[in-house]
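What follows is each chain in one-letter form.
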Amino acid sequence: MPVDSTGHYSITVPIGAYTVNLVQNGQTIQSQANVSPNASSGAAVNFTVAAANKDAQNLTAVTVTANSLLAIDVSSTRQSQVITSEQLSHLPLARSGEAIALLAPGSVAGAVALNMAMTSGGGPTGAPMVSFGGSSVQENAYYINGYNSSDPLYNQGGITLPYGSIEQQETLTSGYGAAYGRSAGGVISQIGKSGTNEWHFGAQALWRPAFAEGNYVNWHYNNPHSSATGNVGKMYTYRQPNSNWETVYDAYVSGPLIKDKLFFFLSAEVDKQQTDDNQPVGSALIAKNKFSLPKFYGKVDWNINDSNTVSVTGIRNAQHFEGDYYDYDNVAHKTGAFNSYEPQGKNSFGIWIAKYTSYITDNLTLNAMYGKMKGTYYTVQPGADTGSQLAGIVQPNQENPALTGGNPNGIQNSNQNSIIPNTNHTGGNNNLRVDLDWKIGSHDIQFGIDNQNTFDSGDGSITTGPGYSWVYAQGSPSTYLVGQDPGAAPWVDAPGAYANGAGGYTVSKQQFFTAATVSVKQRAQYVQDNWQVTPNLLLNLGIRNDQFTNLNSDAVPYIRETHGQWAPRLGFSWDVFGDSSMKVFGNVGRYYLALPTGVAVREASASTFTNEYYTYSGIDPATGYPTGLTPINSRGQTTGPGVPVSLNNEYGQALNPYTVHSTNIKAEYQDEFVLGMQQQFAPSWTYGVQATYRKLGRIIDDVGDGATQCVQLLAQNPGIASLTPGVSALDDCKANPSTYGIQGSVLINPGSTNTFSVVNPAGGYYHYTVTPQQFGFPKATRHYYSLEGFLEHQFADKWTGKLDYVFSKSYGSTEGPVQSNIGQGGSSGSITTQWDYGQLMQYANGDQANDRRHVIKAYGTYQVASEWLISGVVTVASGTPKSCLGYYGPDQTNPGLGYGTFYHWCGGVPTPGGSTGFTPWIHQLDLSFEYRPLWADKKFAVQLQIHNVLNEQKVVQYYPRYNQYFPNGTPTNPTPVYSNASYGRPLGTEAPRYVQFGVTYDF
């Protein structure tokens, strides 16, 4: 490998262990073995040439600088975290890419509310989510061997490798180059293991017994302002029966098929879990669940010749779930008879990746990669002959107690799940990359294309049973159930004047159905110059151009963002002393993000979500169905008793792709600025500091405020006439926005001025603009700043470790595409409630959901003796902001679209994020003890891991909704509202202590 005039040289190779030789006149004069570069970074290999060697100045293929310290990677203008397979075999971590990523500075666990609902459910295979640098959990990217394996539907999580097949995982929290994009959060990039010229095989068995875990803490009501007197301190969920049992079996084999030419690696992992999860006391149920998570990985590498290589990778991941509900006596603490089935689900994903590398010359390298993923999402409601034919009963605890036969929990039936996903749902993506790396003089120029197509086929949800469910509710008999104006849709009258409505008890017949096949095309081109300006100064000068096209169920583009999305990526690295012992680095960049594929299912395709409202005189004791129905006057598409009403105008009608979004809509982006330094101050010691600032530039979400749009439509198009005789156009439009072409939900750039279009019956379109002030919106902002300091000890003197501290703050008017405090992620991403109308965003500006002000992390390994290792992971972190959401304003009203208790007001007091306190600090200690006996040549190992040694179970998220309903009064003359007893109760706590036993054999 030739060197430049300054004595530098570089070569790009796959990760692995290498021997580097210094050759002069055909003779090896020095050699360094076991050189192992990490992913996306360099490994300095410096040779010292004796001063007495008179030919030293004639060396043309080596560096001639000496360095007695372990080198810092001065070839990188950023800081990332790489965890190797060796570290993974020792550290006590949960077996997931997300658990590894949480070791990186700036990463925190996502809200538990995002992992609870079936519509969110964590990642594609159920893994909990991670937030990086204050961003939301839907702004990250996942890669396997360079292929984008992110969730193709909602960009929430991604597919990862079997744990034992990970060679390295790099976690990027900032500053990645122009070659990669589609992330405004962080990147989890995994490199899988490969075969070599030596045969290897091994197996591992892990066991997490239920008897060795700590008792689960009980959850109690905790709202001292609750109108339900006596509830404070009362049991909400008795969790002592809860348990978790898990076994994992892992095996691999690798070796040469043809020595020096053809290699393979093959592995399989089977993870089985069983859990008991007692439900809230009011339900008198316990869930008994079974999970199966098989993973398979295979890779073949072919060295065609010294200049050309091909690799083919195959991956298979799945999550199978089934569960049953049993009766549970919360007084006697006994499990009773079978009650009903939970939905059975199976999400499975297959990936294959082909990569070709050609070292065309010593200075020119070509990489071409194509990969494809297909996922199936299958959910079914068991018990087709019984439960699934019954309509689901929703909120049975709000049934009229005079009609429940003394059952305090209400009357239910065996259909416990009123809505489930479509059973014929598939999704996936394909990713084509072509990259060229050209070294010319002091320049290393990289350029290429990065194209990706994602699809979502048959996505949506269905109502189980006969196609509808019964939703019980109880509120004020004199308060409108929906809306504020009888002349404006949506509206439902107060129940007090109807038969059996004096107590405010109502029921609605709910229908929900969505189904669509949609896709997104993403294209990108980039160029980057890594310019060694001087021997000590490296500049990264890059730019990326992204294009996004979202297509609806008719394969027609409904959003096309293909111009002007230039993303600069600039960085520098200064080798301060010229010996790789200290560097100062920095980078700035812009990062664009496409609208997720699944958004089109609700926003650009036909959907139905309606309720028909009634009072009732009885309840069938066998089915829970209401009897003696009296329809309540309502206004939806029509007006009359019991007509269907939809809050977002979802009546199953086809949607015009031109009017479902503002015509000047643009893609989300974020800007980032980083400055840091690293120094090696002793042979095994390194420290560093890094400052980061991130600023959200723009997001996409939906608005549902048709009345404000009506005002601007008519003001800016004065020729529009009323469609209802005797009613002004403005009043008519406000009452029925859809008849004037205004969608119930329209995608916009919140906090910006948006231009809308509606169909002109005479041909063409009417156009109008609405400012943020007219909607009552603040500017969409999210700021994140952090200061990180770390101290690291490389493996020497029997130990290695790293200590990291991050001070940070995440604040603004929005978290981003999700709303963690109420669990809106997954299919609700980028179409949350927060921007639906102005009152919801008043006092939204404050600390955001992923703000943990102080985080300390430490991990390491100590060689106690030749056969014994102890490893540990410590996390200490301050809490996240508590949310308090109630009715609006000092008078606690329910304006706008009448969503209820989602306003940033509590008890008539404004409550921006962070103003009502924070969750407690968490203190997690995980330990691992490993024994590798010499008599087995250290190929056999026994391991004991103890997670959450202190058995701490602090609350990590609280229930945020402060109010329950109006006990009496009218919209214009409200009276004090009930304070919800559930406000302030735990939504999630830290998992209790558990123990994992492991046995490993490697040959």
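Basis of the calculations
- Residues numbered from 1 in each chain as written.
- Predicted model: local features only at pLDDT ≥ 70, side-chain atom pairs only at ≥ 80, totals over all residues.
- Heavy atoms only, no water.
- UniProt positions renumbered as here; feature names shortened; annotations may be inferred.
- Pairing = 2+ DSSP bridges.
- Helix = DSSP H or I, 4+ residues; strand = E, 2+ residues; numbered from the N terminus.
- Disulfide = S-S within 2.5 Å.
- Buried < 20%, exposed > 50% of the residue type's maximum accessible area, 1.4 Å probe, protein only.
- Core = buried A, V, L, I, M, F, W, Y, C linked by side-chain atoms within 4.5 Å.
- Contact = heavy atoms within 4.5 Å.
- Phe/Tyr/Trp six-rings, centres within 6.5 Å; stacked < 30°, edge-to-face > 60°.

Under an unreviewed UniProt entry, the name given to the protein chain is Oar protein, and the organism recorded is Rhodanobacter panaciterrae. Per UniProt, the protein chain carries the Subcellular location (unreviewed entry) text "Cell outer membrane".

Caption draft 1: Representation of the sheet that holds strand β3 (residues 81-84) in the model. Ordered by their spatial adjacency, 5 strands build an open sheet running β3-β8-β9-β6-β7, and the pairing between neighbours is mixed. Because the sheet does not close on itself, it has two edges, and the strands there are β3 and β7 (147-148). One ladder, built from 6 bridges, connects strand β8 (residues 166-172) with strand β9 (residues 187-192); its direction is antiparallel. Within β9, the position partnered with Ile166 by the bridge is Gly192.

Caption draft 2: How the structure looks around the state of the cysteines. Evaluation of the coordinates by the stated rule reveals 2 disulfides. Here Cys710 engages in a disulfide with Cys733; their sulfurs sit 2.0 Å apart. On the sign convention where negative means left-handed, the S-S torsion of about -80 degrees between Cys710 and Cys733 marks this disulfide as left-handed. Of the two residues, Cys710 is situated in helix α4 (residues 706-716) and Cys733 in helix α5 (residues 729-735); the sequence distance between them amounts to 23 residues. Of the two residues examined, Cys710 and Cys733, each falls in the buried class. Residue Cys884 pairs covalently with Cys906 via a disulfide, S to S 1.7 Å.

Caption draft 3: Here's a closer look at the pairing of strand β26 (residues 469-474). In terms of residue burial, β26 counts as a mostly covered element, since 5 of its 6 residues are buried. Across 2 bridges, strand β21 (residues 393-394) lies against β26 in parallel orientation. Across the sheet, residue Val394 finds its bridge partner in β26, namely Val471. When β26 meets strand β28 (residues 505-514), the two strands line up antiparallel, connected through 6 bridges.

Caption draft 4: Summary view of the nonpolar core. Among the nonpolar cores identified, the biggest contains 26 residues, and Leu88, Leu93, Ile100, Leu103, Ile315, Ile351 and Ile353 are the most heavily contacted of them. Discounting residues that sit within four places of it in the chain, Leu88 has contacts with Ile83, Leu93, Ile100, Tyr163 and Ile166. One finds Ile699, Cys733, Ile748 and Trp835 within the second-largest nonpolar core, a separate group that totals 24 residues.

Caption draft 5: Looking closely at the environment of Ile700. You can see Ile700 is positioned in the loop between β41 (685-698) and β42 (701-703). It is 25 Å that separates the C-alpha atoms of Ile700 and Lys882, two residues lying 182 residues apart in sequence. With residues up to four places along the chain from it excluded, the contact list for Ile700 reads Glu561, Leu595, Ile665, Lys666, Ala667, Leu747, Ile748, Asn749, Pro750 and Ser830.

Caption draft 6: Main features of the packing of aromatic side chains. For the structure shown, the criterion picks out 39 aromatic pairs. Between Phe756 and Phe775 the ring centres are 6.2 Å apart and the planes differ by 75 degrees, which places this aromatic pair in the edge-to-face class. Linking Phe756 in strand β44 (residues 754-759) with Phe775 in helix α6 (residues 772-775), this pair joins segments that are 19 residues apart in sequence. Across the pair, Phe775 and Phe756 agree in class, each one buried. Here Tyr837 and Tyr903 contribute two aromatic rings whose centre-to-centre distance is 6.2 Å and whose plane-to-plane angle is 65 degrees, an arrangement assigned as edge-to-face.

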